[in-house]
Amino acid sequence: MAISDRALRYLESRKNLAGCAGGLAGLGLTLTGAAGALWPVVVAGLYGAGALLAPPDRPAAPAFPEPAEQLDALRADLATLRGYLAEVELPPAAHGRLTELDTLVGALLEPGWVSDPEHVRVLARAVRQDVPEAVDAFVRTRWWNRVVPGAEPPERHLERQLGALYEEAAAIADALREAEARRQETHTRYLEDRGR
C-alpha cells in the first residue's frame, strides 16, 4: 500500500516532529508514574499540543533564473532569429535598419554588459516577440496591399517598427555607457582622494 505524498509530507513536517516530541514527553511521564491510568490521554494530548504549537512548514520560494542564465537562453534565441531573418527577403532600407538593430542587440547580449533585469526583459521581448512579429507581418502582407493607391506601403511600417526597436536598444546602450562613465569617475575620485 503506497503512502500518499500528502501523508509523507506530513510525516516529515515540523508539526509532526513537534507532536512526536510531545508524545515522547507523555511516555516519559507515563514511565515515571505521573500520568497514572489516563496515560493514553496524556500522550495524545501532548502530541496534539506539540503539533498545534509548532510553526507551519513554509514552501520554498520559487527559484527563477538569474539574468545571466536568461542571457544564455536569449543568445540562443537571437541565433535562431538570425537564421529566420536570413531566409526573409526585405527591402534594402528595412534590411539596413534590421542590420543596425541586430548589431546593437548582439553587442548588448555579449557577456558582461547587460545585468539589469529590466534591460534583459526589453531585449528578450525584442528578440522573441517584436522583431519576429514585425518581419512576419511584413512578409504576410499580400501583394495587393502593396499596390493599393494611397495606402502607406508596408515597407514604411516595417522601417518605423524597426526604428522604434532600435531606439529602445539604444536607450539601454546609453544607460550602460552612463553607468560605466560614472563608475570610472568614481574610481578616479577614489584614487585621487586616497593619494592625499
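Residues numbered from 1 in each chain as written. Predicted model: local features only at pLDDT ≥ 70, side-chain atom pairs only at ≥ 80, totals over all residues. Heavy atoms only, no water.

A few points about the overall build of the protein
Okay, step 1: In terms of regular secondary structure, the protein is built from 8 helices and 0 strands.
Okay, step 2: Helices (α) and strands (β) of the protein occur, in sequence order from the N terminus, as α-α-α-α-α-α-α-α.
Okay, step 3: The C-alpha radius of gyration computed for the protein amounts to 32 Å, which surpasses the reference 16 Å derived for 196 residues by more than 25%, pointing to a less compact arrangement than a globule.
Okay, step 4: By principal-axis analysis of the C-alpha atoms, the protein measures approximately 100 × 70 × 30 Å.
Okay, step 5: Counting all 196 residues of the protein, 24% fall into the buried class.
Okay, step 6: Contacts spanning at least 24 positions in sequence make up 74% of the contacts within the protein whose residues lie at least 6 apart.
Okay, step 7: A total of about 13800 Å² of accessible surface is found on the protein, and carbon and sulfur atoms cover 59% of it. (Helix = DSSP H or I, 4+ residues; strand = E, 2+ residues; numbered from the N terminus. Rg over C-alpha atoms; globule rule 2.2 N^0.38 Å. Buried < 20%, exposed > 50% of the residue type's maximum accessible area, 1.4 Å probe, protein only. Contact = heavy atoms within 4.5 Å. Areas by Shrake-Rupley, 256 points an atom, 1.4 Å probe, with all protein chains shown as cover.)

Some details on helix α3 (residues 39-53)
Okay, step 1: The end-to-end C-alpha separation of α3 is 21 Å, in line with the 21 Å expected for 15 residues at 1.5 Å each.
Okay, step 2: Within α3 the residues assigned to the buried category are Val43, Gly50 and Ala51. Looking straight down α3, one finds its buried side chains confined to an arc of 100°; they lie on one side. The exposed set on the far side of α3, more than 90 degrees from its buried face, consists of Val41, Leu52 and Leu53.
Okay, step 3: Those residues of α3 hidden inside the fold are in contact with α1 (5-11) and α2 (14-32). (Expected span 1.5 Å × (residues − 1). Arc of directions from axis to C-beta.)

Here's the deal with the packing of helix α4 (residues 67-86) against helix α5 (residues 92-108)
Okay, step 1: Contact pair α4 / α5: the axes reach a minimum separation of 12 Å and the direction vectors enclose 165°. Considering their axes alone, α4 and α5 lie roughly antiparallel with respect to each other. Where α4 crosses over α5, the handedness of that crossing is left-handed. Across the interface between the two elements, Leu78, Arg82 and Leu85 of α4 pack against Leu98, Asp102, Val105 and Gly106 of α5. (Axes fitted to C-alpha atoms, helices over the stretch in contact; angles between N-to-C directions. Parallel < 35°, antiparallel > 145°, perpendicular 65-115°, else oblique. Left-handed = near helix turned anticlockwise from the far one by under 90°.)

Side note on the nonpolar core
Okay, step 1: Core analysis: the biggest nonpolar cluster contains 32 residues, and Val105, Leu108, Leu123, Val131 and Leu158 have the highest contact counts within it.
Okay, step 2: For this core, the secondary structure elements donating two or more residues are α4, α5, α6 (117-140) and α8 (154-195). (Core = buried A, V, L, I, M, F, W, Y, C linked by side-chain atoms within 4.5 Å.)

Here we look at α2
Okay, step 1: The terminal C-alpha atoms of α2, which comprises 19 residues, lie 27 Å apart, in line with the 27 Å expected from a rise of 1.5 Å per residue.
Okay, step 2: If you check which residues of α2 are buried, you get Asn16, Gly19, Gly22, Gly23 and Gly26. Down the axis of α2, the buried side of the element spans an arc of 125°, and every buried residue falls inside it. Structural note: α2 exposes Leu17, Leu24, Leu31 and Thr32 on the side pointing more than 90 degrees away from its buried face.
Okay, step 3: Buried residues along α2 sit in contact with α1 and α3.
Okay, step 4: A positive phi of about 90° marks glycine 33, the residue just after α2.

Quick look at a nonpolar patch on the surface
Okay, step 1: On the surface, a nonpolar cluster with roughly 370 Å² of combined accessible area is contributed by Ile3, Leu8, Tyr10 and Leu11.
Okay, step 2: By the element assignment, leucine 11 lies in helix α1.
Okay, step 3: On the basis of relative accessible area, leucine 11 is assigned to the partly exposed category, the value being 45%. (Patch = residues over 30% accessible without salt bridge, like charges linked within 9 Å, V, L, I, M, F, W, Y side chains within 5 Å. Salt bridge = Lys/Arg side-chain N within 4 Å of Asp/Glu carboxyl O.)

Looking at the packing of α5 against α6
Okay, step 1: Contact geometry of α5 with α6 gives a least axis separation of 11 Å together with a crossing angle of 145°. The hand of the α5/α6 crossing is left-handed. Contacts between α5 and α6 involve Leu98, Leu101, Val105 and Leu108 from the former and Leu123, Val127 and Val131 from the latter.
Okay, step 2: A class-by-class count of the residues in the contact of α5 with α6 yields 7 nonpolar, no polar and no charged. (Nonpolar A, V, L, I, M, F, W, Y, C, P; charged D, E, K, R; others polar.)

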